[in-house]
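# Summary of structural features
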Amino acid sequence: MTWVTAVARLRARREPGVLVTVATVRGHAPRDAGAKLVVGRTGTWGSIGGGNVEAVAVDRAREMIAASAPEPELMDFALNDKVTNRHGVQCCGGTVSVLLEPLPVVRAVAVFGVGHVGIELARILARQDLDLHLVDSRSDVLAEERLAVLADAVARVRVHHTPLLPEEVLEQLPPGTHVLIMTHDHAEDAALCDAALRTPHLGSIGLIGSAAKWTRFRHRLRTEGGHDEAAIARIKTPIGLSDITGKEPATIAVSVAADLLRAFEAETA
């Protein structure tokens, strides 16, 4: 398996990893600059030459994975018999620098409702490195020609057409998925809010709408849904930046996307 395929497989499986690259070589070394190794929690793919260099790099990569270390690291190795190594002697005679780059699990966002605001939001989020789930009960808004604006997406876009029970998609979403609820139907929104609160593996939950809408929803979630105030507080509404007040779909989408990205940065910090 090539290192490119290995990176793609880790992403598809939503597993973290580290890309290890021979950055520089001086003198003799087992591999030339540019050789790559991909390290996952349990497997490795490719090689940077074996021996102590590779073994130490794998050890450090696994430590980075366990610690969710976000920053790349550079490690230097002297390949001679005077150096005390953790995994045996390598005396090729040269020096090697190895770059370790974390491959974190990308964030996931699910947009329920791909109407006027939803499609504009999808266009913005599709430019981010994340897994983007687009969910709607209407087939026409998910038509191939309408979603063609996402053809050059950086994000991995997954489309879910759910004509009967859109809330069933919640269970299928990966852990930590951030959910944005903005369907065309308030009854559908209410069902999604209730189901989202019953789905513990999700990340944040956002609901579009007015204060009056939220007052009704909050009452129903408490009286009919049986949710307590702590659970209901998981839902953020209104979504978006409060100082952006425009009502055009594209303006609302920019506001919601900016608020979400700000939340992502806060998580990282």
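What comes next is a walk through the structure.

Procedures and definitions
Residues numbered from 1 in each chain as written. Predicted model: local features only at pLDDT ≥ 70, side-chain atom pairs only at ≥ 80, totals over all residues. Heavy atoms only, no water. Axes fitted to C-alpha atoms, helices over the stretch in contact; angles between N-to-C directions. Helix = DSSP H or I, 4+ residues; strand = E, 2+ residues; numbered from the N terminus. Parallel < 35°, antiparallel > 145°, perpendicular 65-115°, else oblique. Left-handed = near helix turned anticlockwise from the far one by under 90°. Contact = heavy atoms within 4.5 Å. Nonpolar A, V, L, I, M, F, W, Y, C, P; charged D, E, K, R; others polar. Core = buried A, V, L, I, M, F, W, Y, C linked by side-chain atoms within 4.5 Å. Buried < 20%, exposed > 50% of the residue type's maximum accessible area, 1.4 Å probe, protein only. Polar contact = N/O pair within 3.5 Å; in protein donor to acceptor, adjacent residues only side chain to side chain. Pairing = 2+ DSSP bridges.

## A word on the packing of helix α5 (residues 186-197) against helix α6 (residues 211-223)
Packed helix pairs are specified by the crossing angle of their axes together with the interaxial distance, meaning the distance between the axes. Viewed as axis vectors pointing N to C, α5 and α6 meet at an angle of 45°, and their least axial separation amounts to 11 Å. Between α5 and α6, the interaxial angle falls into the category oblique. Considering only the axes of α5 and α6, their crossing is right-handed. Contacts between α5 and α6 pair His186, Asp189, Ala190, Cys193, Asp194 and Leu197 from the former with Lys213, Arg216, Phe217, Arg220 and Leu221 from the latter. Per-class residue counts for the contact of α5 with α6 are five nonpolar, one polar and five charged.

## Description of the nonpolar core
Judged by nonpolar contacts, the single largest core of 25 residues is most densely connected at Val109, Val111, Leu121, Leu125, Leu132, Leu134 and Leu180. Aside from chain neighbours lying at most four places away, what touches Leu132 is Val109, Val111, Ala122, Leu125, Ala126, Ala155, Arg156, Val157 and Arg158. Membership of the second largest hydrophobic core comes to 22 residues, among which are Leu173, Ala190, Leu192 and Ala195.

## Notes on the side chain of His133
Of note, His133 is situated in strand β7 (residues 131-136). A polar contact is formed between the side chain of His133 and the side chain of His160, at a distance of 2.9 Å. For His133, the residues in contact, after removing those within four places along its chain, are Val109, Ala110, Val111, Arg158, His160, Leu173 and Pro174.

## Details of the sheet that holds strand β11 (residues 235-236)
Strand order in the open sheet formed by six strands is β8-β7-β6-β9-β10-β11, and the pairing between neighbours is parallel. The two strands at the open ends of the sheet, each matched to only one other strand, are β8 (156-161) and β11. Here strand β9 (residues 178-181) pairs with strand β10 (residues 205-207) via three bridges, running parallel. Looking at β10, one finds that Ile181 is bridged to Leu207.

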